[in-house]
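# Per-entry structural report
What follows is the residue order along each chain.
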Amino acid sequence: MTTSQSFSIPNKVNPDLENERKKCSFLVEDFAEFWHEGKEKLSEKRWREDFFLNDPEMKSAVPMEYLSHKEKYEEGVRKSTIGFRKIRELRSLGKDGIDNYMALLSGMLGSGITPDGNPFALHYVMFLPTLMGQGTPDQQAEWMGRAWSCHIIGTYAQTELGHGTFIRGLETTSTYDPQTEEFVLNSPTLTSYKWWPGGLAHTANYAVVVAQLYTKGQNHGIFPFIVQLRDEETHMPLPGIKIGEIGAKLGMNSVNNGFLGFDNVRIPRKNMLMKNAQVEKDGTFVKAPSSVLTYGTMMFVRVVIVRDMANYLSKAVTIAVRYSAVRRQSPINPGEREPQIMDHVTQQLKLFPQIAKSIVFRMTADYLWNMYNQVTSELDKGDLDRLPELHGMACCLKAIVTSDAAQAVEICRLACGGHGYMSCSSFPTTYGLTTAACTYEGENTVLLLQTARYLVKSWASAKIGETLAPTVAYLGRNYKDAVKGSRPKWDKSIPGIISAFQTCAAGKVNIAFDNVERRKKEGASHENATNMTSIELAAAADAHGRAFLIQAAYASLQDFLKQVPPALGEVLQDLVTLYAVHASLRHLGDLLRFVNISEADIRELQATLEALLSRVRPNAVGIVDGFDIPDGILQSALGAYDGNVYERMFAEAMKSPLNQEPVNKSFQQHLKPFLKSHL
């Protein structure tokens, strides 16, 4: 070691953090029960965390940041296989269930066990749901049992080196051969190689491959196929399969993202997932009732992502708020002791709106999940009416929430000063998880434009007085005022703020719609007119999603206020109000453009914001404690429950391989000759 000094971590809580907990106006346990959907689920979560995190085999001998790229993957596989073995142990204890799998793969527990990502994630998050959603009963009978028991490991191979979100542009081909009743898969170009699927490189031996379907010389578009990639015994790639890993990334380096190419790979006809569209033995193509049905798995994942972002953000704010209660800096009054940095109002402005975002994102995720379940149940009955509405909402919320969450994690990191830059803060891995979501499962700008397409169609329907779907019904209510350019009076209540944001969204949809039509009249094709208006279209979709976030959270809040203790209800109301007020001040340009808001109204908004920050201040630590994230998942020297920041940072520094010897070999090899060279 390079120092003879060592500091043990005190067996007591930092007094500043302890005092913060005494200020809390509500019971932290009440918040934890609210956040984790009841006492029973909270208890189950804690039991599960103890079961996994306290297993010595689940500990890493060396911190992940000191492992090589190859070692990170190998450690990810080791811990993942142990995790799934432990899930099988849970069955004997009567605790079997899908929650165990999801917690290990994509939940907070998973981020603690495999902080750099899980190479098995796509098997459960994409491969299995696609088999369920796109497979016939016979196909499910053949594949689901083997996949669920992990006799085979799958991934979902859609994105290519040259095409991602624009899936109609995928180049991989699947050509039907009626002579052998087989599909022949090929990668005709370098850009047609599958690129990015998690677990594809060395973990999975099967994949759902999305390819252009050709039968009888005709292209029918993209469809999913089950393809075996590796021998089930030797794990060697099968003939015609060109497979490997894509290399190091900003984060998620245990996920084992891979590339995949095909050279005349043949698969049986039954390996095309045919729940919606079919290819008969002679090559006759039977069209699906709706092309959108093919995208069901992606919509499911986008809904899940919104909830994941709320969880990752709760992790970031827990670290930043606890650190801000312990760190003292910059006296407010000369001659006084340095205050906790959370006493600086600018620090409160950085952190408290991020707490509010995590609450609002979680409430909206649950709202969207209920909507997803309702629409999918209607699909099973053949009712496709609300599918475009769900698709439009899932697209824009995925885009907004991931970008806002990534920005919020970075705000929390910066709020911790230089120490937030350390890997032991846990911000780098948390940021890696959140910012990755901005591009996977649909690049955010493209998703906003997909929502905009739905909004433009809805605006055209509003123009002729048609009834609109619930999430866009406000367009009908605002149509006449938007066309006239009327600006309704500002109302400072949350329903008033929701109405104002809807007015802004309607105004932006109207402008985008008019500009598309104007450019078409000037001779542009619809496609070119849309591209030239894409900035305004994306802005309209963003405004639509932000109005929905406040609306969904406020609607959920009304239900929670009837269920939770009054003291907790007040805190939740403060946080939802803070989100709405902060959003209003952040989007003042839109409000000034579309709503009759005065300078006095803006001053009042600012005063309300500052009052809300003051109200949240004594409860901030209690709120993040209520997220109930154990240290084993938080994995942060800055955010540990006991608040012993400096001792923990020093202990983490001592884990560096460079501190295991007083003199590094580079001294003799390079540094000493350099020092003696008399330059």
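Whatever comes next refers back to the structure up there.
A brief report on the enclosed structure follows. On a predicted model such as this, the values are computed, not experimentally measured, just so you know.

### Examining the overall build of the chain
Per the secondary structure count, the chain includes 24 helices and 11 strands. The globule rule puts the C-alpha radius of gyration for 679 residues at 26 Å, and the 27 Å found for the chain is close to it. For the chain, the spread of C-alpha atoms along the three principal axes comes to 85 × 70 × 65 Å. The buried share of the chain, taken over its 679 residues, is 54%. Looking at the chain alone, contacts between residues at least 24 apart form 74% of all its contacts between residues at least 6 apart. A total of about 30000 Å² of accessible surface is found on the chain, and carbon and sulfur atoms cover 53% of it.

### Observations concerning helix α2 (residues 28–35)
Among the 8 residues in α2, 6 count as buried, and that is most of the element. Burial in α2 covers these residues: Asp30, Phe31, Ala32, Glu33, Phe34 and Trp35.

### Quick look at the packing of helix α14 (residues 473–484) against helix α15 (residues 494–521)
At a minimum axis distance of 9 Å, the contact between α14 and α15 shows a crossing angle of 65°. With respect to their mutual orientation, α14 and α15 come out roughly perpendicular. Taken as a pair, α14 and α15 cross one another with a handedness that is right-handed. Within the contact between the two elements, α14 uses Tyr474, Leu475, Arg477, Asn478, Ala482 and Val483 and α15 uses Gln502, Thr503, Ala505, Ala506, Gly507, Val509 and Asn510. Classifying every residue of the contact of α14 with α15 by side-chain character gives 7 nonpolar, 5 polar and 1 charged.

### Details of the packing of aromatic side chains
Per the stated rule, a full pass over the model turns up 21 aromatic pairs. Consider the rings of Tyr176 and Phe183, whose centres lie 5.1 Å apart with planes at 55°: the pair is tilted. For the pair shown, Tyr176 and Phe183 are each scored as buried. Directly above the ring of Phe51 sits Lys86, whose terminal nitrogen or CZ lies 3.9 Å from the centroid. A cation over a ring is seen here: Arg362 above Trp35, with NZ or CZ 4.7 Å from the ring centre.

### Here we look at the environment of Leu122
With respect to the helices and strands, Leu122 occurs in helix α7 (residues 121–134). The class for Leu122 is partly exposed, based on a relative accessible area of 21%. The sequence separation of Leu122 and Ala207 amounts to 85 residues, and the corresponding C-alpha distance is 9.8 Å. Sequence-distant contacts of Leu122, defined by excluding residues within four places in its chain, comprise Phe127, Gly154, Thr155, Tyr156, Pro197 and Gly198.

### A closer look at the side chain of Gln450
Summarising the element assignment, Gln450 is placed in helix α13 (residues 444–463). Looking at Gln450, the relative accessible area reads 18%, which means it is buried. For Gln450, the side chain forms a polar contact with the side chain of His391, separated by 3.3 Å. Ignoring any residue separated from it by four or fewer positions in sequence, one finds Gln450 in contact with Thr165, Arg302, His391 and Cys395.

### Side note on the packing of α13 against helix α17 (residues 534–561)
Geometry of a packed helix pair, given as the angle between the helix axes and the separation of the axes. Taken N-terminus to C-terminus, the directions of α13 and α17 make an angle of 85°; their axes are 8 Å apart at the nearest point. Classified by the interaxial angle, the pair formed by α13 and α17 is roughly perpendicular. Mapping the contact onto sequence places Leu448, Leu449, Thr451, Ala452, Leu455 and Val456 in α13 and Ser534, Leu537, Ala538, Ala540, Ala541, Asp542 and His544 in α17. In the contact of α13 with α17, the residues fall into 9 nonpolar, 3 polar and 1 charged.

### Here we look at the pattern of salt bridges
Within this structure, the stated rule accounts for 37 salt bridges. In this structure, Arg546 and Asp404 form a salt bridge, with 2.8 Å as the shortest nitrogen-oxygen distance. Linking Arg546 in helix α17 with Asp404 in helix α11 (residues 387–415), this pair joins segments that are 142 residues apart in sequence. Assessed through its relative accessible area of 12%, Arg546 is described here as buried. Within the structure, one salt-bridge network assembled from shared partners comprises Glu29, Lys45, Arg46, Glu49 and Asp628.

### Considerations on the pairing of strand β8 (residues 258–262)
For a regular strand, the rule is simple: side chains alternate between the two faces of the sheet. Within β8, 4 of the 5 residues are buried, leaving the element largely enclosed by the surrounding structure. For strand β4 (residues 194–195) and β8, the ladder comprises 2 bridges, and the chain directions are antiparallel. If you follow Lys194 over to β8, its bridge partner there is Leu260. Pairing of strand β7 (residues 241–245) with β8 involves 5 bridges; the strand directions are antiparallel. The residue bridging Ile241 from the neighbouring strand is Phe262, located in β8.

### Structural notes on a nonpolar patch on the surface
A contiguous nonpolar patch, built from Leu671, Phe674, Leu675 and Leu679 and spanning about 480 Å² of accessible area, is present on the exposed surface. If you trace the backbone, Phe674 turns up in helix α24 (residues 666–675).

### Overview of the sheet that holds β4
Here 3 strands make up an open sheet; going across it, the order is β4-β8-β7 and the pairing antiparallel. Looking along the sheet, the strands with just one partner apiece sit at the ends: β4 and β7.

### Describing the nonpolar core
Counting 177 residues, the largest nonpolar core has Phe31, Phe52, Phe352, Leu475, Ile550, Ile623 and Phe627 as the members making the most contacts within it. Among the elements that make up this core, the one with the highest residue count is helix α9 (residues 296–326) (20 residues). Contact partners of Phe52, with chain neighbours within four places excluded, come to Met58, Gly83, Lys86, Ile87, Leu90, Leu104, Leu109 and Ile113. Leu260, Phe262, Met272 and Val279 belong to the second-largest nonpolar core, a separate cluster that totals 24 residues.

### Focus: the side chain of Arg362
Relative to the elements of secondary structure, Arg362 occurs in helix α10 (residues 345–380). Here Arg362 falls in the buried class, since its relative accessible area comes to 7%.

### Side note on α7
Helical geometry: 3.6 residues make up each α-helical turn, so side chains three or four residues apart lie on a common side. Here α7 spans 19 Å end to end across 14 residues, near enough to the 20 Å set by a 1.5 Å rise per residue. When you tally the buried positions in α7, you get 11 out of 14 residues, the bulk of the element. Looking at α7, one finds that the buried residues are Ala121, His123, Tyr124, Val125, Met126, Phe127, Leu128, Pro129, Thr130, Leu131 and Gln134.

### Considering the environment of Pro197
Among the structural elements, Pro197 can be located in the loop between β4 and β5 (206–215). Residue classification places Pro197 among the buried positions, given a relative accessible area of 4%. The spacing of Pro197 and Asn257 is 60 residues in sequence and 5.2 Å in space, taken between C-alpha atoms.

Calculation notes
Starting from 1, residues in each chain are numbered consecutively following that chain's sequence as written. In keeping with the predicted nature of the model, local features appear solely for residues at pLDDT of at least 70, side-chain atom pairs appear and are counted solely at 80 or more, and the whole-chain, interface and lining totals rest on all residues. Computation of side-chain values covers all heavy atoms of the structure but excludes hydrogens and water. The helix and strand labels rest on DSSP assignments: H or I over at least four residues marks a helix, E over at least two residues marks a strand, and numbering proceeds from the N terminus. Atoms counted for the radius of gyration: C-alpha only. Globule rule: 2.2 Å times the number of residues to the power 0.38. Three exposure classes are used, based on accessible area relative to the maximum for each residue type with a 1.4 Å probe and protein chains only: buried under 20%, partly exposed in between, and exposed over 50%. Two residues form a contact once any of their heavy atoms are found within 4.5 Å. Surface accessibility follows the Shrake-Rupley procedure with a 1.4 Å probe radius. Residue values consider only the protein chains on display as shielding. Working convention: axes come from line fits to C-alpha atoms, limited for helices to the stretch in contact. Angles between N-to-C directions cover 0 to 180 degrees. Every angle not falling under 35 degrees, over 145, or within 65 to 115 is termed oblique; those three ranges are roughly parallel, roughly antiparallel and roughly perpendicular. Here is the rule for handedness: rotate from the far helix to the near one, and if that takes an anticlockwise turn smaller than a right angle the crossing is left-handed, while a clockwise turn gives right-handed. Residue polarity is assigned by list, with Asp, Glu, Lys and Arg as charged and Ala, Val, Leu, Ile, Met, Phe, Trp, Tyr, Cys and Pro as nonpolar; anything else, Gly included, falls into the polar class. A pair of aromatic rings is counted whenever rings of Phe, Tyr or Trp (Trp by its six-membered ring) have centres within 6.5 Å, and the orientation is called stacked for planes under 30 degrees apart, edge-to-face for over 60 and tilted otherwise. Comment: the charge-over-ring label is applied if NZ (Lys) or CZ (Arg) is within 6 Å of the ring centre and within 35 degrees of the ring normal. Polar contacts, as used here, are pairs of N or O atoms within 3.5 Å; protein pairs need one atom able to donate a hydrogen and one able to accept it. Residues neighboring in sequence count only if both atoms are side-chain atoms. A carboxyl oxygen of Asp or Glu within 4 Å of a side-chain nitrogen of Lys or Arg is what we treat as a salt bridge. Between any two strands, at least two bridges found by DSSP are needed for them to pair. To count toward a patch, a residue needs a relative accessible area over 30% and no salt bridge; like charges are then connected within 9 Å, while nonpolar side chains (Val, Leu, Ile, Met, Phe, Trp, Tyr) are connected within 5 Å. We define a nonpolar core as any set of buried Ala, Val, Leu, Ile, Met, Phe, Trp, Tyr and Cys residues linked to one another through side-chain atoms lying within 4.5 Å. One fewer than the residue count of a helix, multiplied by 1.5 Å, yields its expected span.

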